[in-house]
Amino acid sequence: MYTFETKNLEKPLSEEELKCLMKKYDKTGDGKLDRQELKVAFKDLGIWFCGLRAYQAICQADKNKDGLIVNDEMDVLVEFAIKWGFTLA
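Residues numbered from 1 in each chain as written. Predicted model: local features only at pLDDT ≥ 70, side-chain atom pairs only at ≥ 80, totals over all residues. Heavy atoms only, no water.

### Notes on the overall build of the protein chain
Inference 1: Across its full length, the protein chain holds four helices and two strands.
Inference 2: The order of α-helices and β-strands along the protein chain, N terminus first, is α-β-α-α-β-α.
Inference 3: Contacts in the protein chain between residues far apart in sequence, at least 24 positions, make up 55% of those at least 6 positions apart.
Inference 4: Total accessible area on the protein chain stands at roughly 5600 Å², and carbon and sulfur atoms take up 52% of it. (Helix = DSSP H or I, 4+ residues; strand = E, 2+ residues; numbered from the N terminus. Contact = heavy atoms within 4.5 Å. Areas by Shrake-Rupley, 256 points an atom, 1.4 Å probe, with all protein chains shown as cover.)

### Things to note about the packing of aromatic side chains
Inference 1: Under the defined criterion, the tally for this structure stands at one aromatic pair.
Inference 2: Each ring, one from Trp-48 and one from Phe-49, has its centre 6.3 Å from the other, and the planes form 70°; the classification is edge-to-face.
Inference 3: Given the relative accessible area of 61%, Trp-48 is considered exposed.
Inference 4: Accessibility expressed as a relative area gives 55% for Phe-49, which makes it exposed. (Phe/Tyr/Trp six-rings, centres within 6.5 Å; stacked < 30°, edge-to-face > 60°. Buried < 20%, exposed > 50% of the residue type's maximum accessible area, 1.4 Å probe, protein only.)

### Some remarks on the confidence of the model for the protein chain
Inference 1: Mean pLDDT over the protein chain stands at 82; residues scoring 70 or higher make up 81%.
Inference 2: In the model of the protein chain, helix 4 (residues 74-84) stands out as the element of lowest mean pLDDT, 82, in contrast to strand 2 (residues 68-69), which has the highest, 95.
Inference 3: In this model, residues 1-6 is a region of pLDDT below 50 whose contacts with residues beyond four sequence positions or in other chains number 12 contacts. (pLDDT = per-residue confidence, 0-100.)

### So, helix 1 (residues 15-23)
Inference 1: Here helix 1 has its buried residues at Leu-18, Lys-19, Leu-21 and Met-22. Projected down its long axis, helix 1 carries its buried residues within an arc of 160°, all on one side. (Arc of directions from axis to C-beta.)

### Here's the deal with the pattern of salt bridges
Inference 1: A complete count under the given rule lists three salt bridges for this structure.
Inference 2: In this structure, Lys-19 and Glu-16 form a salt bridge, with 3.6 Å as the shortest nitrogen-oxygen distance. With Lys-19 and Glu-16 both in helix 1, this residue pair falls three residues apart, about one helical turn.
Inference 3: Measuring nitrogen to oxygen at the nearest pair gives 2.3 Å for the salt bridge that ties Asp-75 to Lys-19. On the criterion of sequence distance, the pair formed by Asp-75 in helix 4 and Lys-19 in helix 1 is long-range, its members being 56 residues apart.
Inference 4: For Asp-75, a relative accessible area of 33% gives the class partly exposed.
Inference 5: A single network of salt bridges, built from pairs that share partners, joins Glu-15, Glu-16, Lys-19 and Asp-75. (Salt bridge = Lys/Arg side-chain N within 4 Å of Asp/Glu carboxyl O.)

Shown next as C-alpha coordinates:
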(Lines give C-alpha, C1' and ligand atoms only; values in the text may rest on other atoms or scores of the structure.)
Protein backbone atom coordinates (compact mmCIF):
# COMPACT_ATOMS: atom_id res chain seq x y z
CA MET A 1 0.00 0.00 0.00
CA TYR A 2 1.19 3.50 -0.85
CA THR A 3 1.01 6.25 1.71
CA PHE A 4 1.11 9.96 1.06
CA GLU A 5 2.04 12.72 3.42
CA THR A 6 -0.13 15.78 3.32
CA LYS A 7 1.65 19.05 3.92
CA ASN A 8 -1.26 21.29 4.87
CA LEU A 9 -3.04 19.31 7.57
CA GLU A 10 -2.11 20.19 11.11
CA LYS A 11 -4.12 17.43 12.78
CA PRO A 12 -5.97 14.26 11.84
CA LEU A 13 -9.43 14.91 10.44
CA SER A 14 -12.68 13.18 11.24
CA GLU A 15 -14.53 11.62 8.34
CA GLU A 16 -17.03 14.50 8.36
CA GLU A 17 -14.24 17.09 8.44
CA LEU A 18 -12.61 15.47 5.40
CA LYS A 19 -15.94 15.48 3.56
CA CYS A 20 -16.48 19.16 4.42
CA LEU A 21 -12.94 19.98 3.32
CA MET A 22 -13.50 18.31 -0.05
CA LYS A 23 -16.83 20.12 -0.51
CA LYS A 24 -15.05 23.47 -0.11
CA TYR A 25 -13.43 22.84 -3.48
CA ASP A 26 -16.80 22.74 -5.25
CA LYS A 27 -16.24 25.89 -7.35
CA THR A 28 -19.64 25.83 -9.03
CA GLY A 29 -21.59 25.30 -5.80
CA ASP A 30 -23.64 22.51 -7.36
CA GLY A 31 -22.78 19.98 -4.65
CA LYS A 32 -20.66 17.95 -7.05
CA LEU A 33 -16.90 17.58 -7.37
CA ASP A 34 -15.39 17.07 -10.80
CA ARG A 35 -11.92 15.82 -11.61
CA GLN A 36 -10.41 19.31 -11.84
CA GLU A 37 -11.85 20.33 -8.45
CA LEU A 38 -10.45 17.15 -6.88
CA LYS A 39 -7.08 17.79 -8.48
CA VAL A 40 -6.92 21.27 -6.92
CA ALA A 41 -8.01 19.90 -3.53
CA PHE A 42 -5.37 17.17 -3.60
CA LYS A 43 -2.70 19.61 -4.74
CA ASP A 44 -3.53 21.99 -1.89
CA LEU A 45 -3.30 19.09 0.55
CA GLY A 46 0.16 18.25 -0.75
CA ILE A 47 -0.69 14.94 -2.36
CA TRP A 48 1.81 13.93 -5.01
CA PHE A 49 0.58 13.19 -8.51
CA CYS A 50 -2.66 15.04 -7.77
CA GLY A 51 -3.97 14.73 -11.34
CA LEU A 52 -3.52 10.97 -11.30
CA ARG A 53 -5.02 10.72 -7.82
CA ALA A 54 -8.05 12.77 -8.92
CA TYR A 55 -8.55 10.42 -11.88
CA GLN A 56 -8.25 7.39 -9.59
CA ALA A 57 -10.67 8.92 -7.10
CA ILE A 58 -13.28 9.50 -9.80
CA CYS A 59 -12.83 5.95 -11.07
CA GLN A 60 -13.29 4.51 -7.58
CA ALA A 61 -16.00 6.73 -6.12
CA ASP A 62 -18.16 7.67 -9.10
CA LYS A 63 -20.85 4.98 -8.88
CA ASN A 64 -23.02 6.25 -11.74
CA LYS A 65 -20.04 7.09 -13.99
CA ASP A 66 -21.09 10.67 -14.69
CA GLY A 67 -17.61 12.01 -13.93
CA LEU A 68 -18.73 13.72 -10.72
CA ILE A 69 -18.58 12.93 -7.01
CA VAL A 70 -21.88 13.69 -5.25
CA ASN A 71 -22.92 13.31 -1.62
CA ASP A 72 -23.73 9.60 -1.70
CA GLU A 73 -20.37 8.91 -3.37
CA MET A 74 -18.37 10.96 -0.85
CA ASP A 75 -18.04 7.99 1.53
CA VAL A 76 -16.18 6.03 -1.13
CA LEU A 77 -13.94 9.03 -1.78
CA VAL A 78 -13.10 9.21 1.93
CA GLU A 79 -12.33 5.47 2.03
CA PHE A 80 -10.05 5.89 -0.97
CA ALA A 81 -8.30 8.87 0.68
CA ILE A 82 -7.64 6.78 3.79
CA LYS A 83 -5.83 4.25 1.60
CA TRP A 84 -3.51 7.07 0.47
CA GLY A 85 -2.50 7.82 4.04
CA PHE A 86 -4.97 10.43 5.25
CA THR A 87 -5.28 10.05 8.99
CA LEU A 88 -8.75 10.29 10.43
CA ALA A 89 -9.39 11.18 14.05
